[in-house]
Amino acid sequence: MLNESKEEQPGLVYDGLAKPFSRRKFFGIMGAGAALMVTAAACKKSNPGNPGKGGVDLGTGDIGVLNYAYALEQLEAAFYIKVVASPFKNMSDMEKSYLADIRDHEIAHREFFKAALSTKAIQSLQVDFSSIDFSDRTSVLGTAKAFEDLGVSAYNGAGKLITNPDYLTLAGKIVSVEARHAAWIRDMIMVNSFADSTAVDMNGLDMQRSPNQVLSIAGVYLKTKVDASNLPTD
Amino acid sequence: MNLQNILSEIEQTDPAVYDRLDTRRNTMKSFAKTSGKIALAALPLALGSMFQKAYASPTAPTDIIIDTLNFALTLEYLESNFYIRAVAAGIAPSGDAMSALTIIRDHENEHVIFLKSAISAAGGTPVSFTASSFDFTAKGTFPNVFSDWGTMLAVAQTFEDTGVRAYKGQAPNLISNNDYLTAALQIHSVEARHAAHIREMRKAANLLVPAGVDVKPWITLNQSGIATSAVQASYNGEENVTQAGVTITNIGGQKISASAASEAFDEPLTKDQIVAIVTPFFA
């Protein structure tokens, strides 16, 4: 289970759900803070530009970010469950085996977030895969590549939104597995495309995306709308 | 009194003030979190104490960030020099295999250049290594590293999987700076892509030893697929199936094997663990 702080301070930007900043000297230095800053910080948080108002609210702070990851893992798991249950034409033995592995990894991620978030977890999301032809290798692997690259960029972009170092490490444990998936699927589509210029930039850096960018792409495959407007933005 | 304005003023003369105080965001959050208990009159005292500690501390966040980036740069130099020699050795099968080595070499070189510039930008001095800094036989453990294709790939796999674990372990040290944390994560996932591909290459070339051991793009339990215990430290701990106190095997009534549970999460290593692993590769 993720740790929850004993402190409840309603209305604060810091939502009180994450563990204290064990690695932060600053927290220890400041025995107290200014009520003034609560207002300032709260104002900074407002972000009316976020899409998805009226959908499932991911929540605030670290819990919101973890729910964001949970939403993406739900989408990925649902996709691979269907891929394995209705294999595309001429799926090779290796593809069958590895796609089943990936399905299991994504189910494990999904169930982990569900268990860890416990009562803070968002509901199960309804997916819409009507644009995917599950009998066609190109359609399935193309979608898989898009999902894996998207997942990598989502975790890379969400790292900075997390305040608890333990949660950051957990996200790190998952994102490298998503990157391994992405590399293999890309190689199945085209050999040596595991880290080509559509994934990695001139500095040798992988992609990173904000929750808004990710959800505008993932939203195509989600019947249930997701509201990211309360997530931290920096 | 507006703290934001005070901090902004200080930032005019000391751009690193937010680093010294942790980051802007966390500074604000820390204030918010502890609010409600202080009288406004006491605020200047609290601020004075805060700044005194921030500027006096020998391990201010900026130093931690520079140390962490230099550690990453050290590993990137190791990988970069390895692949430069691996490509130059000319023993990789021409075509896809040689292309893959070249792609990875170029990324590692880019990481070196990027980190050097990031460290300089942060006010630090980048560490520096040359070809003669390294001993890729690891003091004789891999005498044929540049003459035997299987050995070369085994060392490459170990470097990539170790690199992934190193970045993962260091990420919390960068949590106070959004830009450096994000960049490190962006390198981390590229190393994971490399690792997956090298593992595919080893399997495709049927270079797995001992017999019967499989290697997939993801790490199964603590299996390296490499027949020397010299690399085992890079895989120990990967068999973990408990995350944040949650057992992943068969989680939620799903059929998730221990193998799949271990594959689904890569594990970090500490700086000390990484240093112990890579030290034999330094001359």
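Residues numbered from 1 in each chain as written. Chains lettered and ligands numbered in written order. Predicted model: local features only at pLDDT ≥ 70, side-chain atom pairs only at ≥ 80, totals over all residues.

## What about the overall build of chain B?
A count of helical and extended segments in chain B gives 10 helices and 2 strands. If you list the helices and strands of chain B from N to C, you get α-α-α-α-α-α-α-α-β-β-α-α. Looking at chain B as a whole, 49% of its 283 residues qualify as buried. A sequence separation of at least 24 residues applies to 64% of the contacts in chain B between residues at least 6 apart. (Helix = DSSP H or I, 4+ residues; strand = E, 2+ residues; numbered from the N terminus. Buried ≥ 20, exposed ≤ 12 C-beta atoms within 10 Å, placed from the backbone. Contact = placed C-beta atoms within 7 Å.)

## Considering the overall build of chain A
Per the secondary structure count, chain A includes 7 helices and 2 strands. Element order for chain A, N to C, with α for helix and β for strand: α-α-β-α-α-α-α-α-β. Counting across all 234 residues of chain A, residues that qualify as buried make up 50%. Taking as baseline every contact in chain A between residues at least 6 positions apart, the subset at least 24 positions apart corresponds to 77%.

## A short note on the nonpolar core
Ranked by internal contacts, the top residues of the largest apolar core, which has 126 residues, are A:Ala171 and B:Ala184. Looking at this core, the element that brings in the most residues is helix H3 (residues 61–85) of chain A, giving 14 residues. The contact partners of B:Ala184, leaving out residues within four places of it in the chain, are B:Ala72, B:Tyr167, B:Gln170, B:Ala171 and B:Leu174. (Core = buried A, V, L, I, M, F, W, Y, C linked by C-beta atoms within 7 Å.)

## So, the environment of B:Ala122
Residues and elements named next belong to chain B. Assignment of secondary structure puts Ala-122 in the loop between helix H6 (96–121) and helix H7 (149–170). For Ala-122, a count of 18 C-beta atoms within 10 Å puts it in the partly exposed group. Along the sequence, Ala-122 and Thr-228 sit 106 residues apart, while their C-alpha atoms lie 40 Å from each other. In this view, Ala-122 contacts Thr-62, Ile-65, Ile-66 and Leu-69; residues no more than four positions away in its chain are not counted.

## Some points on H7(B)
Helix length check: H7(B) (22 residues) gives 31 Å between terminal C-alpha atoms against 32 Å at 1.5 Å per residue, within 8%. Counting buried positions along H7(B) gives 20 out of 22 residues, so the element sits mostly inside the fold. (Expected span 1.5 Å × (residues − 1).)

## Examining the packing of helix H5 (residues 61–89) of chain B against H7(B)
Residue and element names in this part refer to chain B. Contact geometry of H5 with H7 gives a least axis separation of 11 Å together with a crossing angle of 165°. As summarised for this structure, H5 and H7 are arranged roughly antiparallel, according to the angle between their axes. Like other packed secondary-structure pairs, H5 and H7 cross with a definite hand, here left-handed. Between H5 and H7, the residues in contact are Thr-68, Phe-71, Ala-72, Leu-75, Glu-79, Phe-82 and Ala-86 and Met-152, Ala-156, Phe-159, Gly-163, Ala-166, Tyr-167 and Gln-170, respectively. Across the contact of H5 with H7, the residue classes tally to 10 nonpolar, 3 polar and 1 charged. (Axes fitted to C-alpha atoms, helices over the stretch in contact; angles between N-to-C directions. Parallel < 35°, antiparallel > 145°, perpendicular 65-115°, else oblique. Left-handed = near helix turned anticlockwise from the far one by under 90°. Nonpolar A, V, L, I, M, F, W, Y, C, P; charged D, E, K, R; others polar.)

## A word on the environment of A:Gly219
Structurally, A:Gly219 is set in the loop between helix H7 (211–218) and strand S2 (226–227). Along the primary structure A:Gly219 and A:Leu75 are separated by 144 residues, whereas in three dimensions their C-alpha atoms are 9.9 Å apart.

## With respect to the packing of H7(B) against helix H8 (residues 178–204) of chain B
Residues and elements named next belong to chain B. With their axes 8 Å apart at the nearest point, H7 and H8 run at an angle of 155° to one another. Regarding the angle of H7 to H8, the classification is roughly antiparallel. Considering how the two elements wind past one another, H7 and H8 form a crossing that is left-handed. Between H7, through Leu-153, Ala-156, Gln-157, Glu-160, Asp-161, Gly-163, Val-164, Tyr-167, Lys-168 and Gln-170, and H8, the contact on the second element is made entirely by Ala-184, Ile-187, His-188, Glu-191, Ala-192, His-194, Ala-195, Ile-198, Arg-199, Met-201 and Arg-202. Taken together, the residues of the contact of H7 with H8 sort by class into 10 nonpolar, 5 polar and 6 charged.

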